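Architecture at a glance
Letter by letter, the chains look like this.
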Amino acid sequence: MTIREQLQAAQEAAWLNPEKIKVAEREKICGHGFVEVKAAQNRFMRFLPFIRRRFPETEDRKGVIESRLLVIPEMTAWLKENGAAVSGRILLKDDAHLPVAGSVKARGGIHEVLKIAEQLAFKAKILHPTDKYDKLDSEEFRQFYSRYTIQVGSTGNLGLSIGIMGASLGFRVIVHMSREAKEWKKELLREKGVIVLEYDGDYSHAVAEGRNNSAKDPNSFFIDDENSEDLFFGYATAGMRLKMQLYKAGVSVDRDHPLFVYLPCGVGGAPGGITYGLKQMFGDNVHCFFVEPVQDPCMLLGMSSGKYEEISVEEIGLGGQTAADGLTVGRPSAFVSKMMRPLLSGCFTVKDEHLLTWMKTMYEKEHLFLEPSACAGFQGLLQIENPDSICREYLEKNQLTEKMPDAAHIVWATGGGLVPTTEQTHLLSL
Ligand SMILES: *Cc1c(COP(=O)(O)O)cnc(C)c1O
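Presented here is an overview of the structure given in this document. (Residues numbered from 1 in each chain as written. Predicted model: local features only at pLDDT ≥ 70, side-chain atom pairs only at ≥ 80, totals over all residues. Heavy atoms only, no water.)

Considering unusual backbone geometry
Glycine aside, the phi torsion of most residues is negative, and most peptide linkages are trans. You will see that Lys 62, though not glycine, has its phi angle at about 55°, which is positive. Positionally, Lys 62 belongs in the loop between α3 (48–54) and β2 (69–71). On the basis of relative accessible area, Lys 62 is assigned to the exposed category, the value being 52%. Look at Lys 125: it is not a glycine, yet its phi comes out positive at around 60°. Looking at the secondary structure, you find Lys 125 in the loop between α5 (105–123) and α6 (139–145). (Helix = DSSP H or I, 4+ residues; strand = E, 2+ residues; numbered from the N terminus. Buried < 20%, exposed > 50% of the residue type's maximum accessible area, 1.4 Å probe, protein only.)

Next up, the structure:
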């Protein structure tokens, strides 16, 4: 079966990227991009006093929006009892519990809102980069920002991150929600004064509505998840942060200690930005894989066909129901899918039933609630050393087979931290 036929049959599929190149010569992805990532990192630093004051849950980390890198011994034991062939160390990056937004979107979405806020204030000469930014938590600044609108199209979580941060600064925020967006996310945003517009259309439709609506208003900024560099570089700051965490945890990443990272993928911004940041830090020693639901393999389809954003999953008869609402995207980001061409190792698809099993098991064994989308990374972990998977080719070709006992694996858990208890109970009962 060709990869396209496997996707069409909604089977769990694996695809290796034939265009991945060696990036050992670091400048290939440093240069311009490195400056951008560093600038995003510095921007987050300047905003620390504001975030710390406005979001008390960040007090103990001085306003840093970062998540923990966890070992998951009980889940690891369960996976192995159930046949997982993984020989190295298993870690989980708990972005589900990133402060403020409870999902990976806290990285990119918040960064772009902060950038808009900063640039408006610089231009109006009411803020200077060396000021202490807690002054932004004031009536004066909220008044100033209330003259501007920020708009975004979302399946839910991006809207949450942008809505929460935008509203906290005083912006008028309009979130255009696609049909899979959960009711509780809309309610939470409305409670915060965010305008939520609902469409009976898919994600691309919601984005298009937002883009059009914003274009009519000169005081409106559109956060474009299909093309935004500011989102992307916000996500990419995860690279430097993770490098520090791995160092502190005593996990080496070098030629003899490869790092494998498994990232749930929707439109591609979050996993793409993180991959970019990790490649800058670790070059060829990091191997990044995306995981998508069998009904929405937009990145796999776009990259494997060479058509990128010009092909949608509907064109091959997919796009049906999935429990992975955060990954319900039919067409990949044009910008990110091309950016990933030389960097991404491969993509997997996964069925809902597995997402739900991992969600329940993580909750039972590790007492960590993750939303279904957030569990997709486990699929990569289970496939990489599976002797029946084409991953074997990848390991051999990259001379990794012998090194696998010394490898580290990171399952990137991307969301679920804000899911209300009643909704958790419902999801756990599925
Ligand atoms: C948005 C999201 C992703 C994927 O991010 P994209 O930028 O859409 O690829 C993964 N997991 C969760 C929980 C998300 O909300």
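Continuing now.
What to know about the pairing of strand β6 (residues 195–198)
For a regular strand, side-chain orientation follows a simple rule: the groups alternate between the two sheet faces. One ladder, built from four bridges, connects strand β5 (residues 172–177) with β6; its direction is parallel. Bridging across to β6, Met 177 finds its partner in Glu 198. With respect to chirality, the unit in which β5 leads through helix α8 (residues 183–191) into the neighbouring parallel β6 is right-handed. (Pairing = 2+ DSSP bridges. Right-handed = clockwise from strand over helix to strand, strands pointing away.)

Considerations on the sheet that holds strand β4 (residues 149–154)
Spatial ordering of the open sheet is given by β6-β5-β4-β7, a layout of four strands whose pairing is parallel. Looking at which strands have only one partner, the edges of the open sheet turn out to be β6 and β7 (220–223). In this sheet, adjacent strand axes meet at a mean angle of 20° when their direction is disregarded. Against the sheet, helix α9 (residues 203–215) engages β4, β5 and β7, with an angle of about 165° to β4. (Axes fitted to C-alpha atoms, helices over the stretch in contact; angles between N-to-C directions. Contact = heavy atoms within 4.5 Å.)

Brief notes about the site of the ligand
For the ligand, the set of nearby residues contains 16 residues, the closest of which are Lys 105, Asn 157, Gly 266, Gly 268 and Thr 414. Thr 414 places a polar side-chain atom, nitrogen or oxygen, 2.6 Å from a nitrogen atom of the ligand. About the coverage of the ligand: the protein hides 98% of its 370 Å² of free accessible area. The element best represented in the shell around the ligand is helix α12 (residues 269–282), accounting for three residues. (Near = heavy atom within 4 Å. Polar contact = N/O pair within 3.5 Å; in protein donor to acceptor, adjacent residues only side chain to side chain. Areas by Shrake-Rupley, 256 points an atom, 1.4 Å probe, with all protein chains shown as cover.)

Here we look at the packing of aromatic side chains
Under the defined criterion, the tally for this structure stands at 16 aromatic pairs. Look at Phe 144 and Tyr 148: their rings are 5.7 Å apart centre to centre, the planes differ by 65°, and that puts the pair in the edge-to-face class. A connected cluster of aromatic rings, assembled from ring pairs, spans Phe 141, Phe 144, Tyr 145, Tyr 148, Phe 171 and Phe 221. Above the face of the Phe 44 ring, Arg 241 is positioned so that its terminal group lies 5.8 Å from the ring centre. (Phe/Tyr/Trp six-rings, centres within 6.5 Å; stacked < 30°, edge-to-face > 60°. Lys NZ or Arg CZ within 6 Å of the ring centre and 35° of its normal.)

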